[in-house]
Amino acid sequence: MQVATGPAWAAGVRAEVVNAAKAYLGTPYRLAYGWTCGRAAVDCECLNRHAIWDGTYAATGRGLQLNYWLQGQINQGRRTTSPRPGDLIFWDTDPHDGIRYGGDLDHTGVYVGNNRAIDANAYYGYVKYDSITLGGTEPDPIFVDVLTPNGY
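All of these numbers come straight from a predicted model, not from anything done at the bench.

### Description of the side chain of glutamate 45
- The residue glutamate 45 is located in helix H2 (residues 44-60) in this model.
- With no salt bridge to any partner, buried glutamate 45 finds its closest opposite charge in arginine 49, at an N-O distance of 7.7 Å.
- Those residues in contact with glutamate 45 that sit more than four places away from it in its chain are Tyr68, Trp69, Leu70, Gln73 and Thr108.

This is the structure we're talking about:
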């Protein structure tokens, strides 16, 4: 069996990840620890896990399982300064926790293009579109490509 590869195939995988994230818009926020999150309510790491798994599975029949922990998700990919739809975005929302991009109160979402992300936002209580700066409050996000390094 020959596996599809190349830019068009990769763009299709990324589009499916974005579509999977969009499917969660409006879903209630619920903090979950470890592998306990479901699909009826999600936190930010859980949203990433579902969007990446659902999107890669829809596109290829082979889902990519992300780590349940924010730092573990960062470590599964490579940082990029040229984000593409389907990349993950991370914000350091608690600069006083002493753990840059890995503290308990840090935040993540799925980059969807045009300087927008989809995130499970505890402040608003549901999954929503956000700017890549969270409305200007987080001007220094990092982007992580978990798709390319994992064969998608």
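### A short note on the nonpolar core
- Membership of the largest hydrophobic core comes to 29 residues, with the highest contact counts inside it found for Ile52, Val146 and Leu147.
- Counting residues per element, the ones that place at least two in this core are helix H1 (7-22), H2, helix H3 (70-75), strand S2 (88-91), strand S3 (107-113), strand S4 (116-121) and strand S6 (142-145).
- The biggest single contributor to this core is H1, with five residues.
- In this structure leucine 147 touches Val13, Arg14, Val17, Ile52, Thr56, Leu64, Gly86 and Tyr152, once residues within four positions along its chain are discounted.
- Membership of the second largest hydrophobic core comes to seven residues, among which are Trp91, Tyr111, Ala117 and Phe143.

### A closer look at H2
- Taking 1.5 Å as the rise per residue, H2 with 17 residues should run 24 Å; its terminal C-alpha atoms sit 24 Å apart, in good agreement.
- Looking at H2, one finds that the buried residues are Cys44, Glu45, Cys46, Leu47, Asn48, Arg49, His50, Ala51, Ile52, Gly55 and Thr56.
- Measuring from the side-chain oxygen of the N-cap residue of H2 to the backbone nitrogen of glutamate 45 gives 3.4 Å; that N-cap residue is aspartate 43.
- Phi for glycine 61, located one or two positions after H2, is positive at around 80°.

Rules and cut-offs
Residues numbered from 1 in each chain as written. Predicted model: local features only at pLDDT ≥ 70, side-chain atom pairs only at ≥ 80, totals over all residues. Heavy atoms only, no water. Helix = DSSP H or I, 4+ residues; strand = E, 2+ residues; numbered from the N terminus. Buried < 20%, exposed > 50% of the residue type's maximum accessible area, 1.4 Å probe, protein only. Lys, Arg positive; Asp, Glu negative; His and termini not counted. Salt bridge = Lys/Arg side-chain N within 4 Å of Asp/Glu carboxyl O. Contact = heavy atoms within 4.5 Å. Core = buried A, V, L, I, M, F, W, Y, C linked by side-chain atoms within 4.5 Å. Expected span 1.5 Å × (residues − 1). Polar contact = N/O pair within 3.5 Å; in protein donor to acceptor, adjacent residues only side chain to side chain.

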